[in-house]
Amino acid sequence: EAGVTQSPTHLIKTRGQQATLRCSPISGHTSVYWYQQALGLGLQFLLWYDEGEERNRGNFPPRFSGRQFPNYSSELNVNALELEDSALYLCASSPGTSGGYSYEQYFGPGTRLTVT
Amino acid sequence: GESVGLHLPTLSVQEGDNSIINCAYSNSASDYFIWYKQESGKGPQFIIDIRSNMDKRQGQRVTVLLNKTVKHLSLQIAATQPGDSAVYFCAENSGYSTLTFGKGTMLLVSP
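Heads up: these notes are all about the structure in this document. (Residues numbered from 1 in each chain as written. Chains lettered and ligands numbered in written order. Predicted model: local features only at pLDDT ≥ 70, side-chain atom pairs only at ≥ 80, totals over all residues. Heavy atoms only, no water.)

1. Details of the overall build of chain B
And then number 1: Along chain B, the regular secondary structure elements total zero helices and ten strands.
And then number 2: In sequence order, chain B lays out its α and β elements as β-β-β-β-β-β-β-β-β-β.
And then number 3: Its C-alpha atoms give chain B a radius of gyration of 13 Å, within 12% of the compact-globule value 13 Å for 111 residues.
And then number 4: Viewed in the frame of its principal axes, chain B has a C-alpha envelope of about 40 × 30 × 25 Å.
And then number 5: For chain B, the residues scored as buried account for 42% of the 111 residues in total.
And then number 6: If you take every contact in chain B between residues at least 6 apart in sequence, the share linking residues at least 24 apart comes to 51%. (Helix = DSSP H or I, 4+ residues; strand = E, 2+ residues; numbered from the N terminus. Rg over C-alpha atoms; globule rule 2.2 N^0.38 Å. Buried < 20%, exposed > 50% of the residue type's maximum accessible area, 1.4 Å probe, protein only. Contact = heavy atoms within 4.5 Å.)

So, in structure tokens, the structure goes:
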């Protein structure tokens, strides 16, 4: 069974540009999560999508946005890039929730975004 | 096992030893906890989870202990191997299916 996949592996942008990161969840999973992992820091929750809807959002500015497609894949968009946006962006998927019950999240390998 | 600033706490052990990695969590209402392992250049890998109605759960070579009274979680790895070298994160369900991660502990296993 294929795991969570992310593209591209690496992305280099200049300050002020926009970045688009992509994620394909494990087959059968409906929930997709996005996290930012800056150097030396833990994972910071960005966004959660389930069944095409944004369900929750972390403490990030509105220039971080995304969407989930009917096939449950997802995009993360970062507008007006700043130097401090340089980080590893991780996508995770889970089977979704049933009555609020949580499931483990399975992570992809990440996209390394570098802003110069 | 919580980080101090930008420097990860590090646990160095010899191959074959048992390792214990600790984590203090913040939300007394959290009902689900997970341990992840992250090797260099890879995404976090699920190791084991535990729900708040349990205080101990065992997997293959790993045991998670949960002490809700002091909001403490630990991961025990038996017979640690060089392949166990990685950064280990604890995570708690902070509500509505989102996870809050600790900053990680680096485990270094020497042969």
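From this point, the discussion proceeds with the structure in view.
2. A closer look at the pairing of strand E3 (residues 19-24) of chain A
Residues and elements named next belong to chain A.
And then number 1: Only one face of E3 is buried: it carries Ala19, Leu21 and Cys23, and the other face, with Thr20, Arg22 and Ser24, is open.
And then number 2: Sheet topology places strand E1 (residues 5-7) next to E3; three bridges connect them, and they run antiparallel. Bridge pairing in E3 links Thr5 to Ser24.
And then number 3: The pairing of E3 with strand E8 (residues 74-78) spans five bridges and is antiparallel. Within E8, the position partnered with Arg22 by the bridge is Glu75. (Pairing = 2+ DSSP bridges.)

3. Some details on the environment of Gln58 of chain B
All names here are of chain B.
And then number 1: Within the fold, Gln58 resides in strand E5 (residues 56-58).
And then number 2: Residue class for Gln58 comes out exposed when judged on its relative accessible area of 58%.
And then number 3: Each C-alpha atom, one on Gln58 and one on Gln76, is 9.3 Å from the other, the two residues being 18 residues apart in sequence.

4. Digging into the sheet that holds strand E6 (residues 62-67) of chain B
Residue and element names in this part refer to chain B.
And then number 1: Spatial strand order, E2-E7-E6-E5: four strands in an open sheet with antiparallel pairing. Edge positions in the sheet fall to strand E2 (19-24) and E5, since each has one partner strand and no second. Across the sheet, the mean angle from the axis of one strand to that of its neighbour is 15°, orientation sign disregarded.
And then number 2: Alignment of E2 against strand E7 (residues 72-77), held across six bridges, turns out to be antiparallel. (Axes fitted to C-alpha atoms, helices over the stretch in contact; angles between N-to-C directions.)

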